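Chain residues, written in single-letter form:
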Amino acid sequence: MAEMAEPAKLTLYSYWRSSCSQRVRIALNIKGLEYEYKAVNLLTGDHLDPEFEKLNPMKYVPALVDGDTVIGDSFAIILYLEDKYPQHPLLPQDPKKKALNLQAASIVGSSIQPLQNLAVLQFIENKFNADEKLTWAQYHINKGFAALENLLKEHAGRYATGDVVQLADVFLAPQIYAGLARFQIDMSPYPTLARLNDAYNELPAFQAALPQRQPDAPSPS
């Protein structure tokens, strides 16, 4: 009897500090999926290489390759993983709770992160100055965090939408981490988000996805 072929390993093109890459790393870890990590250095312009553009036409990270499937957007990647690898589901069956998770993820993915990504911050710094760059990022993060706090405070359990890790948590954790580590966000106005962050810090799937634990992270000086 012929041996069955091994399934193709997933390949994730990632940058250590990218919160979009981090959310995909969390999803892969939660689902117990092994993957090959391929670093894309945004500071040296790896993402501008024509070969990488074939993987992600927007020239952003992350990109995921699964056999002959190539996906270049973190939200699309996670929804693809949810459909193809349904173990440890990230979206609930209940339509109301599913919509809540999608709304929270969309706030992060559409109304916060794109306004503080590297390209935007570089534009603001070049147009104005470094101080204005930080002010800009803090304004948009705080606006989004205020919305998320109001959205989730009546629904959160141990995690964002109950007592099971779901899609909202996968998006929230990297954004809260970036707010604290990179943008000096005061979390005191957001007690629900602060409590969730403490819970995420206890989860191995989230810990393994942290920026400083990635193979392309700079060595501590």
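Before reading further, recall that the structure is shown in the block above.
Residues numbered from 1 in each chain as written. Predicted model: local features only at pLDDT ≥ 70, side-chain atom pairs only at ≥ 80, totals over all residues. Heavy atoms only, no water.

Student: Summarise the environment of Q214; cite the residues concerned and give the values.
Tutor: You can see Q214 is positioned in the segment after α9 (204-207). Remark: the alpha-carbon pair of Q214 and R17, spanning 197 residues in sequence, is separated by 8.7 Å. The residues touching Q214, leaving out its near neighbours within four places in the chain, are W16, R25, Y37, A208 and A209. Of the polar contacts made by the side chain of Q214, one reaches the backbone oxygen of A208; its length is 3.0 Å. Only 2.7 Å separates the side chain of Q214 from the backbone oxygen of L210, close enough to count as a polar contact. (Helix = DSSP H or I, 4+ residues; strand = E, 2+ residues; numbered from the N terminus. Contact = heavy atoms within 4.5 Å. Polar contact = N/O pair within 3.5 Å; in protein donor to acceptor, adjacent residues only side chain to side chain.)

Student: Could you give me a rundown of the sheet that holds strand β4 (residues 69-71), with the residues and numbers involved?
Tutor: Strand order across the open sheet formed by four strands is β2-β1-β3-β4, with mixed pairing between neighbours. Two strands in the sheet have a free side with no partner beyond their single neighbour: β2 (35-39) and β4. Averaged over all pairs of adjacent strands, the angle between strand axes in this sheet comes to 15°, irrespective of strand direction. Along the sheet, helix α3 (residues 74-84) makes contact with β3 (63-66) and β4, crossing β3 at roughly 30°. (Pairing = 2+ DSSP bridges. Axes fitted to C-alpha atoms, helices over the stretch in contact; angles between N-to-C directions.)

Student: If you had to explain the pattern of salt bridges to someone new, which residues and values would you point to?
Tutor: According to the stated counting rule, one finds five salt bridges in the structure shown. The residue E51 makes a salt bridge to K54 at a minimum N-O spacing of 2.9 Å. Classification of K54 as exposed rests on a relative accessible area of 60%. Taking the shortest distance from any N to any O, the salt bridge between E202 and R158 comes out at 2.9 Å. One end of the pair, E202, is in the loop between α8 (191-200) and α9; the other, R158, is in the loop between α6 (130-152) and α7 (167-181), and 44 residues separate them in sequence. We classify R158 as partly exposed; its relative accessible area is 41%. (Salt bridge = Lys/Arg side-chain N within 4 Å of Asp/Glu carboxyl O. Buried < 20%, exposed > 50% of the residue type's maximum accessible area, 1.4 Å probe, protein only.)

Student: Explain α6 to me, and be specific about the residues and the numbers.
Tutor: When the terminal C-alpha atoms of α6 are compared, their 33 Å separation across 23 residues agrees well with the 33 Å that a helix rising 1.5 Å per residue should span. Among the residues making up α6, those that are buried are A137, H140, I141, G144, F145, L148, E149, L151 and L152. At its buried positions, α6 is contacted by α4 (95-112), α5 (118-127), α7 and α8. By the N-cap criterion, in which a side-chain oxygen at the helix start approaches the backbone nitrogen of a residue two or three places on, α6 is capped by N129, the distance to D131 being 3.0 Å. (Expected span 1.5 Å × (residues − 1).)

Student: Could you give an account of the layout of surface pockets, with specific residues and numbers?
Tutor: Taken as a whole, the largest pocket holds about 670 Å³ of empty space. In this structure, the largest pocket is lined by 31 residues; those nearest its centre are C20, Y60, V61, Q113 and N117. Mapped by element, the contributors of at least two residues to the lining of the largest pocket are α1 (19-30), α3, α4 and α5. Broken down by class, the residue content of the lining of the largest pocket amounts to 14 nonpolar, 12 polar and five charged. (1 Å grid on protein atoms, 1.4 Å probe; cavity = no way out; pocket = protein on both sides within 12 Å on 5 of 7 lines; lining within 4 Å. Points joined across faces, edges and corners; volume = space filled by probe spheres on them. Nonpolar A, V, L, I, M, F, W, Y, C, P; charged D, E, K, R; others polar.)

Student: Outline the nonpolar core, supporting the account with residue identities and numerical values.
Tutor: Residues L81, F145, L148, L172, L193 and F206 are the most contacted members of the largest nonpolar core, which totals 66 residues. In terms of residue count, the dominant contributor to this core is α7 (eight residues). If near-sequence neighbours (up to four positions away) are discounted, L172 is found in contact with V108, L148, L152, A160, L193, L196 and Y200. (Core = buried A, V, L, I, M, F, W, Y, C linked by side-chain atoms within 4.5 Å.)

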